[in-house]
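# Structure at a glance
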2 protein chains.
Amino acid sequence: MESGSALKSFVEYTSEHHFPLENIPYGTFKNPESNEIHCCTRIGDFVVDLAALHDLGHFSGDNLKSENVFKHEFLNTFMALGRPSWTEARATIQNLFAEGSSFENDEDGKSKALFAFDKVEMTLPVDIKDYTDFYSSKNHAYNVGCMIRGPDNALQPNYTYLPVGYHGRASSVVVSGTDVRRPKGQVSADKKVPTWSDCKRLDFELEMGAYVGVGNELGKPIKIANASDHIFGLSLLNDWSARDIQVWEYVPLGPFNAKNFASTVSPWIITLEALEPFKIAHQDQDPEPMPYLREDNPSTYNIDLHVGIQSENMDAPHEVCLSNFKHLYWNVNQQLTHHAVTGCNMSTGDFLGSGTISGTEKSERGCLLELSWAGKEKVSLGNDEERVFLKDGDSVHMTGVCKGDGYTVGFGDCVGKILPALDDSEYF
Amino acid sequence: MESGSALKSFVEYTSEHHFPLENIPYGTFKNPESNEIHCCTRIGDFVVDLAALHDLGHFSGDNLKSENVFKHEFLNTFMALGRPSWTEARATIQNLFAEGSSFENDEDGKSKALFAFDKVEMTLPVDIKDYTDFYSSKNHAYNVGCMIRGPDNALQPNYTYLPVGYHGRASSVVVSGTDVRRPKGQVSADKKVPTWSDCKRLDFELEMGAYVGVGNELGKPIKIANASDHIFGLSLLNDWSARDIQVWEYVPLGPFNAKNFASTVSPWIITLEALEPFKIAHQDQDPEPMPYLREDNPSTYNIDLHVGIQSENMDAPHEVCLSNFKHLYWNVNQQLTHHAVTGCNMSTGDFLGSGTISGTEKSERGCLLELSWAGKEKVSLGNDEERVFLKDGDSVHMTGVCKGDGYTVGFGDCVGKILPALDDSEYF
Ligand SMILES: [Ca+2]
Ligand SMILES: [Ca+2]
Ligand SMILES: [Mg+2]
Ligand SMILES: [Mg+2]
Ligand code: NI
């Protein structure tokens, strides 16, 4: 395949479409015929049931021909197989959907495996084991630090030595389209005495997440040279945050209830193979990382990240942020290696959030806390509406896009809508 | 059954034994005949294969008679059934092992279900979903706060308003008997520039943990009046901690690598039914908790907790701490209700660590950080050895004991031994 020129599929799509033959994302969906949840990919506007393709005998390569690893509710079984199987699956699917393949005219086969995207329900793609959230955008950490401690001490001393992260809540990771209930809890204006309140500072966080495909044994670290072979792919992540609950609860052990009510992921996981043409040199790191975090040619990916807010009065989201994955100070290999350095065993299905991804420009700030500078500046929704934090009925839309030569590799959508808080009678 | 007088079983044990007919703990073990892992209980020195008892037709009650929920590698299926099933299982087992039961003379049945404890391997009892660690001993938080901020600001303002907690790492929870590798990572003497080092301040933390049996739906809180029906039981927990790694990494998002290399649980889970005779009034809470955290008759359990250290030169552990579960400022119902207050969905198999359980006395301090007052005071091992933190080859032994009238309900042992750090060549 010639890099930089679009591949040709018998499925039609435009050069702007997120899911051409160059992408081959992975997800799970409810097959509308069987009502079973299976692993799937997507070509253009079709969701492709990979379990059906396997039953039809199309996975004839050595790694995938025996067990139908796609006939599962989650991708974990496939993810655990490792890179040779991932590469084989990608090549098999690309050949099958190439213009002129024998499958092009197999109407019976296509009717069993292809479903219109807008007719199916996408489900949470991975049985998420442990969820970790990093804090790897230096611009974001600096901005938040400025609000709390002022510009002179904005960054903590450890920030440029290690990828700061914390353990998150795996159970409340939900797939795009799941509504998010506004939380209630303790907030405190004076940081001395709390009151019971619904969250008044509900925020999104523009993040990406990496799924671990292959883990490591407890007690054995992961060398950074091997890190990328553990990573199955990337997706979008909206790490919803209750800022007023957070500032009261997080001392001294970190965010807890302010984050664990919901984290929304996109239904599609984009593989590192699909992102390979969009690899770029990683930003310089000063000080030089310690040897265990040092790579020969550190790289990252050039992925434009868009966030829009749509109020109940609007027909479409209004863009409030355009950032890019490349703004992360620590890359995914460094995050993974650091996570396992003390011997922590990473598992198939672990999910590593990047932290809010902000650039240096105002328009590149990846959350309302930064966009409104802690509530001080109003953010326009393009009509007569403004926001400092999210209102009930608002939906937040995220997407990610890589622009190739004559084609696009995209992440699809990551969407969630805010429902009003429950009545107190549900609590006590 | 008359409270305060010992039940009689055809299995013999002393009044000091941790596992009389009053206990009926739950665990999992590898059946030495089939090599399959099954759910089990324990009476005296016998491990009882509950899957075998089910196959023999002994679970004839309405809740448990159909599916053999004990023929699993983990207790989760049984735990998810809820309190009526838990109560039924306990009554069935107590009747079966009572003196004079028909099972007493069923040599064939007993040979299928009973195994000598010292001949079998116990396994991790629960497929742990999310692991959360609280910080609910006020004495511990005060002591640590004194070391960091001095006595005037030892407790953070939120401490007496909510049970502070953070999300932990589920994958590295291991069962008693698993060796623990001394971690390596970044440490910093001046808190400005780090060095690469093996952990020099390796510590244990005496904790207990509560397993969630029945969860709640995402977005729906748990009322405190219903909290205890969600709790399957309690076990011992040693939350190993790398103190020098922790102080460098934990700002501002909490402990991460300092905790995620291993957390050891005891193999037996003790049910709330077994602990009922040891229920006592909970300590006064001032200020009064907010309504969602307020109970009519708050209670806790009187459980003596012992910690011993055994060096490679010793034949038995030397006791370094005698604490009690009752010292926790926040009880398990409050922890669970607070965890779910923002709508976080709790799942079958979630594990809630209590935080280090320290009393007010020096001898009641639940970790070496407190016992050695951050390394300043040496702790005697009873021979000519002293410790400020753990050395390679040290094993830490924890146990928990409830003293009844003529009988004991105990937690068994929670043990782990420190292995030396790996060579740098494993890291880079
Ligand atoms: Ca985040
Ligand atoms: Ca702890
Ligand atoms: Mg979250
Ligand atoms: Mg731990
Ligand atoms: Ni988890």
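Just so you know, these numbers come straight off a predicted model, no measurement behind them. (Residues numbered from 1 in each chain as written. Chains lettered and ligands numbered in written order. Predicted model: local features only at pLDDT ≥ 70, side-chain atom pairs only at ≥ 80, totals over all residues. Heavy atoms only, no water.)

Residue and element names in this part refer to chain B. Direction of pairing for strand β2 (residues 37-43) relative to strand β3 (residues 46-49): antiparallel, over a ladder of four bridges. Paired with Arg42 across the strands is Val47, a residue of β3. Direction of pairing for β3 relative to strand β4 (residues 114-116): antiparallel, over a ladder of three bridges. Looking at the pairing, Phe46 lines up with Ala116 of β4. (Pairing = 2+ DSSP bridges. Helix = DSSP H or I, 4+ residues; strand = E, 2+ residues; numbered from the N terminus.)

With that out of the way, let us pick up the relation of the copies chain B and chain A. The two copies are related by a screw operation: chain B maps onto chain A through 180 degrees of rotation and 0.0 Å of translation along the axis, at an RMSD of 0.0 Å. On the angle and the small slide along the axis, the relation comes out as a two-fold axis. For chain B, the smallest separation between a C-alpha atom and the rotation axis is recorded for Gly254 of chain B, amounting to 2.2 Å. (Least-squares fit on C-alpha atoms with pLDDT ≥ 70 in both.)

Looking now at the UniProt feature "domain: Fumarylacetoacetase N-terminal" (unreviewed entry) in chain A. UniProt records the feature "domain: Fumarylacetoacetase N-terminal" (unreviewed entry) at residues 22-125 of chain A, using the numbering of this structure. Taken as a whole, residues 22-125 of chain A contains 30% helix and 20% strand, while its terminal C-alpha atoms sit 20 Å from one another. (UniProt positions renumbered as here; feature names shortened; annotations may be inferred.)

Take the interface of chain B and chain A next. In this assembly, 65 residues from chain B lie in contact with 64 residues from chain A. Of the roughly 6,300 Å² buried where chain B meets chain A, counting both sides, 61% is carbon and sulfur surface. Considering only the surface of chain B that becomes buried against chain A, His167, Leu253 and Phe256 of chain B emerge as the three largest contributors, covering 13% of it. The interface formed by chain B and chain A holds four salt bridges in total. The salt bridge involving Arg169 of chain A is made with Asp350 of chain B; its shortest N-O contact spans 2.5 Å. In this assembly, chain B and chain A are joined by 32 residue pairs in polar contact (both at pLDDT 80 or more). Contributing elements (two or more residues each) for the side of chain B that touches chain A: β6 (131-134), β7 (165-167), β10 (184-187), β11 (195-198), α6 (243-249) and α8 (332-340) of chain B. For the side of chain B that touches chain A, the per-class residue count stands at 34 nonpolar, 20 polar and eleven charged. (Contact = heavy atoms within 4.5 Å. Buried area = accessible area lost by both parts, 1.4 Å probe. Salt bridge = Lys/Arg side-chain N within 4 Å of Asp/Glu carboxyl O. Polar contact = N/O pair within 3.5 Å; in protein donor to acceptor, adjacent residues only side chain to side chain. Nonpolar A, V, L, I, M, F, W, Y, C, P; charged D, E, K, R; others polar.)

What follows concerns empty space enclosed by the protein. For the structure shown, the criterion picks out seven cavities of 30 Å³ or more. If you add up the space inside the largest cavity, you get close to 50 Å³. Looking at the largest cavity, the residues that line it are Val251 and Pro252 of chain A together with Tyr135, Ala141, Arg149, Ala154, Leu155, Gln156, Asn158, Tyr159 and Val164 of chain B. Partitioning the lining of the largest cavity into residue classes produces eight nonpolar, two polar and one charged. (1 Å grid on protein atoms, 1.4 Å probe; cavity = no way out; pocket = protein on both sides within 12 Å on 5 of 7 lines; lining within 4 Å. Points joined across faces, edges and corners; volume = space filled by probe spheres on them.)

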